[in-house]
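Notes for the structure review
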Amino acid sequence: MPLPAPADDEPKPEVTLEEVVIKKPKVDSTLGASKVEKADLATRKAATGDAADLLQGVPGVSLNGAGGISSLPAVHGLADDRLRIQVDGADLMPACPNHMNSPLSYADPTRIENVTVYSGITPVSVGGDSIGGSIQIKSAPPEFATPSNPFLASVLAGSFYRSNGNAVGYNLGATLAGEWLNLTFRQSDSWSENLRAAGNFKPVAPGSEGGAPIPGNVIGSSAYDGTVKRSLGLALQTPGHILQLEASQQMVEFEGFPNQRMDMTGNENWLFTLRYTGTLAWGNLEARLSYQDTQHEMNMGPDRYSYGTGMPMNTEAKTWAALVKANVNLSDRHLLRVGAEGQYYILYDFWPPVGGSMGPNTFWNVDYGQRLRVDAFAEWEARWTDEWLSLVGIRSDTVMTDAGPVQGYDDALPAWGTDAAKFNAAQRRRTDYNWDLAALARYTPDPTQTYEGGYARKSRSPNLYQRYPWSTNAMAALMNNLVGDGNGYIGRIDLAPEVAHTVSVTGDWHDADRARWKAKATAYYTYVQNYIDARRCDFGQCSPENVTATNSFVLLQYVNQTARLYGLDLSARLLLGEASSWGKLTANLTLSYVRGDNLTTGDGLYNIMPFNGLLSLVHQLGTWTNTAELVAVASKNHLSQVRNEIPTGSYYVLNLRSSYEWSFLRVDVAIENLLDRMYSAPLGGAYVGQGPSMSTTGIPWGVAVPGPARSFNVALGFNYHL
Ligand SMILES: [Cu+2]
């Protein structure tokens, strides 16, 4: 959150020396927010094409597996669009029945300078249209020259290689800046072959008809290629005001999805943003306008059956968004944040005909889908004393969704026409009047401890893929899947918004200058009304066996139920020793536990990360950093039975990393999964990455997507300032 600027830069005549040294308010408003440390960020972004990787190790955060650059973060058991994920302030919208082009898949990891995860009580000023936490990813702010040094120029370039998958990436950038103008260009690209697991997890078999056999340890459909991200930014500055205009383009030529039945065979996204930030006498002001345009294509990649014709599925989406928000300094101790925002999203999801019963017409999965959101919020932060802070906010969230009439491949066939007619006869427009509330208090009795507790009510309306997919045909339903469990999903127009009530308490203990040790613990409990879970499909074309099956892929329909999630995050850091001759040695520990239950059915919630911990030893000598990291994860056996979720075993993985920085060169080397341990990724989903994927029985059920085998990584970064 931006640091509120002092209300008045002019020193008042009565200011005494003592008042001058009064501590500035802390930048982070809530203890429930974690910032990824800069050193960790540099190490993690060195050798990845996936921006979500930068969140690894943040307490309470886990990653749901998807494509190679599209992992979906989960915070305290809530993932995907239950979180508010912003990239440089933009709420990027996915446009795909599998959420392949998730917001973070558009972020260039090499550009990211700053990651903040709000996992506890999320202030309403950073929440909205979400029931879980908020993740804010930011690039570096534009740099400007100074009168003493009136011209800035910098170039940067980097590259990485990962042995598992033979992944290669590069990034380059250039900045030219004067005192009032900054021009920045960035580009990155990465590609990877299929990843390998450390052992065989399925039989050797060809993935496509007559194709070469895929070895038992190769994760089919995990390759990606040509993921170019480029941006051109122009920033103008006058004292106290910055205006930024940025155009960016994100292209993907191919990205495989081992836990989906299709692959991304093309994605082109454009984003245009105009942003103003100003520091004014009364506080600061931000205004932004953005437009996002996405063209998305899916089909069967090289590891899957193509059925002679493939199965093209196309999605087009446009999103317009506007926001204005202000931080108003009411006094030295009172800050008011107010804001309003709007977002309008249009979606077309259509599947061109391929012949046979999948023709002669185009299948419309969602035609003229619309989601309009209008929000306003006010939040009051009060620093009553140096010990006590309170934050109270309220937010209104109005969401309208709608979709036009649809058609199947051939509505004369009952397999398509019956469901389409039923959907077309229904009233499809829904308007939800949602509201959020967050209240928290923070107590800092002395410089070594802080306690925070609060309550939040948060709401989120269903997305278009939860309300509008209409076909109960198995093949069509299997293509609609947001979670990677291999099942098929049918929408439900009547879905109500999810409303979460969260209470959370955090304690933070450390030595007075935070140099030797610190420990933080967060406990949380969330009760979700109208949680969107799933029930077995028992209507339309769904068979009676679909209702009772326990060891196969099934067809499901979204349904509102009641859920509960609770858990605990612990993190600690301890300086073990320090000497000028050998540097310093630090130990870090993170433990996360979360449990999710469906209270309506007694079932478990899907994809809840089992108890896990991370222990690392970090040695630093000047700009040389060495890290040994142990990741340990318990078995996953509290499962979503309605989805026939697959259990996974416990495992541990050892990683080694080392980095060295010269004035303008940085080298990172790493060995991930040093001991080449074989394990199933607990949040990796069901393996459906090869073979005939268009029916529930074409691919064997019960195989979890494994974690990657050992990888040797090396990355070079060059950054030169003129
Ligand atoms: Cu897709």
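To keep things clear, this report deals only with the structure shown in the data block.

What counts, and where the lines are drawn
Residues numbered from 1 in each chain as written. Predicted model: local features only at pLDDT ≥ 70, side-chain atom pairs only at ≥ 80, totals over all residues. Heavy atoms only, no water. Helix = DSSP H or I, 4+ residues; strand = E, 2+ residues; numbered from the N terminus. Rg over C-alpha atoms; globule rule 2.2 N^0.38 Å. Buried < 20%, exposed > 50% of the residue type's maximum accessible area, 1.4 Å probe, protein only. Contact = heavy atoms within 4.5 Å. Areas by Shrake-Rupley, 256 points an atom, 1.4 Å probe, with all protein chains shown as cover. Lys, Arg positive; Asp, Glu negative; His and termini not counted. Charge placed at Lys NZ, Arg CZ, Asp CG, Glu CD. Core = buried A, V, L, I, M, F, W, Y, C linked by side-chain atoms within 4.5 Å. Phe/Tyr/Trp six-rings, centres within 6.5 Å; stacked < 30°, edge-to-face > 60°. Lys NZ or Arg CZ within 6 Å of the ring centre and 35° of its normal. Pairing = 2+ DSSP bridges. Donors = N, O, S within 2.8 Å, 3.2 Å for Na, K, Ca; no water. Tetrahedral: all angles 85-135°; square planar, octahedral: opposite > 155°, others 65-115°. Axes fitted to C-alpha atoms, helices over the stretch in contact; angles between N-to-C directions. Expected span 1.5 Å × (residues − 1). Disulfide = S-S within 2.5 Å. Polar contact = N/O pair within 3.5 Å; in protein donor to acceptor, adjacent residues only side chain to side chain. Salt bridge = Lys/Arg side-chain N within 4 Å of Asp/Glu carboxyl O.

We now examine the overall build of the chain. When you go through the chain residue by residue, the secondary structure sums to six helices and 34 strands. In summary, the chain has a C-alpha radius of gyration of 26 Å against a globular reference of 27 Å for 722 residues, a match within 12%. With respect to the principal axes defined by its C-alpha atoms, the chain has extents near 85 × 55 × 50 Å. A burial count over the chain gives 55% of its 722 residues as buried. Partitioning the intrachain contacts of the chain with sequence separation of at least 6 by distance along the chain shows that 69% fall at a separation of at least 24. Accessible area for the chain stands at about 29,000 Å²; split by element, carbon and sulfur atoms hold 61% of it. Between the mean site of the 56 positive side-chain charges and the mean site of the 71 negative ones, the chain shows a separation of 3 Å.

Here we come to the nonpolar core. Membership of the largest hydrophobic core comes to 47 residues, with the highest contact counts inside it found for Met262, Met311, Leu347, Trp351, Tyr409, Met475 and Met479. Broken down by secondary-structure element, the contributors of at least two residues to this core are strand S19 (313-329), strand S20 (334-351), strand S21 (363-383), helix H3 (414-425), helix H4 (464-467), helix H5 (474-478), strand S27 (517-536) and strand S28 (555-579). If near-sequence neighbours (up to four positions away) are discounted, tryptophan 351 is found in contact with Met311, Pro312, Met313, Asn314, Thr362, Phe363, Asn365, Tyr409, Ala476, Met479 and Asn480.

So, about the packing of aromatic side chains. Within a pair of aromatic rings, the relevant descriptors are the distance that separates the centres and the angle that separates the planes. Under the defined criterion, the tally for this structure stands at 26 aromatic pairs. One aromatic cluster is present, formed by Trp270, Phe272, Tyr291, Trp320 and Tyr344 through successive ring pairs. Of note, arginine 82 hangs over the ring of tyrosine 531, and the distance from its end group to the ring centre comes to 4.1 Å. Over the aromatic face of phenylalanine 553 sits the side chain of arginine 261, whose NZ or CZ is 4.8 Å from the ring centroid.

Moving on: the sheet that holds strand S4 (residues 78-79). Read across the open sheet, the three strands follow the order S2-S3-S4; overall the sheet is antiparallel. The sheet is open, and its two edges are formed by strand S2 (61-64) and S4, each paired on a single side. In the sheet, strand S3 (residues 72-75) pairs with S4 via two bridges, with the strands oriented antiparallel. Opposite alanine 74, over in S4, you have alanine 79 as the bridge partner.

With that out of the way, let us pick up helix H2 (residues 38-45). For H2, every residue scored as buried is listed here: Leu41, Ala42, Thr43, Arg44 and Lys45. Buried residues belonging to H2 abut strand S6 (112-118), strand S31 (624-633), strand S32 (651-661) and strand S33 (665-672).

It is worth spelling out the coordination of the copper ion at this point. Every protein donor of the copper ion is accounted for by Cys96 (SG), Met100 (SD), His296 (NE2) and Met298 (SD), and the metal-donor separations fall at 2.0 to 2.7 Å. For the copper ion, the four donor atoms in the first shell make angles of 83 to 122° at the metal, so the coordination geometry reads as irregular. Positions of the donor residues of the copper ion along the chain correspond to the pattern C-x3-M-x195-H-x1-M. Highlighted residues: methionine 100 in the loop between strand S5 (84-87) and S6 and methionine 298 in strand S18 (residues 283-299), separated in sequence by 198 residues. Overall, methionine 100 belongs to the buried group, its relative accessible area being 0%.

Attention shifts here to the sheet that holds strand S1 (residues 33-35). Read across the sheet, four strands follow the order S1-S6-S7-S5 without closing on themselves; strand pairing throughout is mixed. Since the sheet does not close on itself, it has two edges, and those belong to S1 and S5, each with one partner. Going from strand to strand, the sheet's axes swing by 15° on average, the running direction of each strand aside. Here S5 pairs with strand S7 (residues 134-139) via four bridges, running parallel. For isoleucine 85, the partnering residue across the bridge sits in S7 and is isoleucine 135.

Residues spaced three or four apart along an α-helix face the same direction, because each turn holds 3.6 residues. The end-to-end C-alpha distance of H3, which contains twelve residues, comes to 16 Å, matching closely the 16 Å that a straight helix rising 1.5 Å per residue would cover. Along H3, the residues that are buried comprise Trp416, Gly417, Asp419, Ala420 and Phe423. In the core, the buried residues of H3 are packed alongside S21 and H5.

Inspection of the secondary structure puts glycine 178 in the loop between strand S9 (167-177) and strand S10 (181-191). Along the sequence, glycine 178 and leucine 639 sit 461 residues apart, while their C-alpha atoms lie 57 Å from each other. Not counting chain neighbours up to four residues away, the residues in contact with glycine 178 comprise Phe144, Ala145 and Pro150.

Under the counting rule described, the total for this entry stands at one disulfide. The disulfide partner of cysteine 537 is cysteine 542, and the gap between their sulfur atoms is 2.0 Å. Every disulfide takes its handedness from the sign of the S-S torsion; for cysteine 537 and cysteine 542 that torsion is 95°, giving right-handed. The same class applies to cysteine 537 and to cysteine 542, which are both buried.

Right, let's talk about the side chain of aspartate 603 for a bit. Here aspartate 603 lies in the loop between strand S29 (583-598) and strand S30 (612-621). Within polar-contact distance, the side chain of aspartate 603 engages the backbone nitrogen of valine 642 at 2.9 Å. Not counting residues within four places of it along the chain, the set of residues in contact with aspartate 603 comprises Asp597, Asn598, Leu639, Ser640, Gln641 and Val642.

Another aspect to go through is unusual backbone geometry. The omega torsion of the bond from glycine 359 to proline 360 falls at 5°, within 30 degrees of zero and hence cis. Within the element layout of this structure, proline 360 appears in the loop between S20 and S21. Phi is positive for asparagine 166, close to 45°, though the residue is something other than glycine. Within the secondary structure layout, asparagine 166 lies in the loop between strand S8 (152-162) and S9. For asparagine 530, which is not glycine, the phi dihedral falls at a positive 60°. Of note, asparagine 530 is situated in strand S27.

Evaluated as defined, the whole model comprises 37 salt bridges. One salt bridge in this structure joins glutamate 379 and arginine 337, with 2.8 Å as the shortest N-O distance. Of the two residues, glutamate 379 is situated in strand S21 and arginine 337 in strand S20; the sequence distance between them amounts to 42 residues. Classification of arginine 337 by relative accessible area gives buried; the value is 5%.

As a further point, take the pairing of strand S15 (residues 241-252). Note: strand S14 (residues 229-238) against S15, ten bridges, orientation antiparallel. Its bridge partner being in S15, alanine 235 is matched across the sheet by glutamine 244. In this structure, the hairpin formed by S14 and S15 is closed by a connection of two residues, where glycine 240 is found at a positive phi of approximately 85°. One ladder, built from twelve bridges, connects S15 with strand S17 (residues 263-280); its direction is antiparallel. Within the sheet, the bridge partner assigned to methionine 251 lies in S17 and is glutamate 268.

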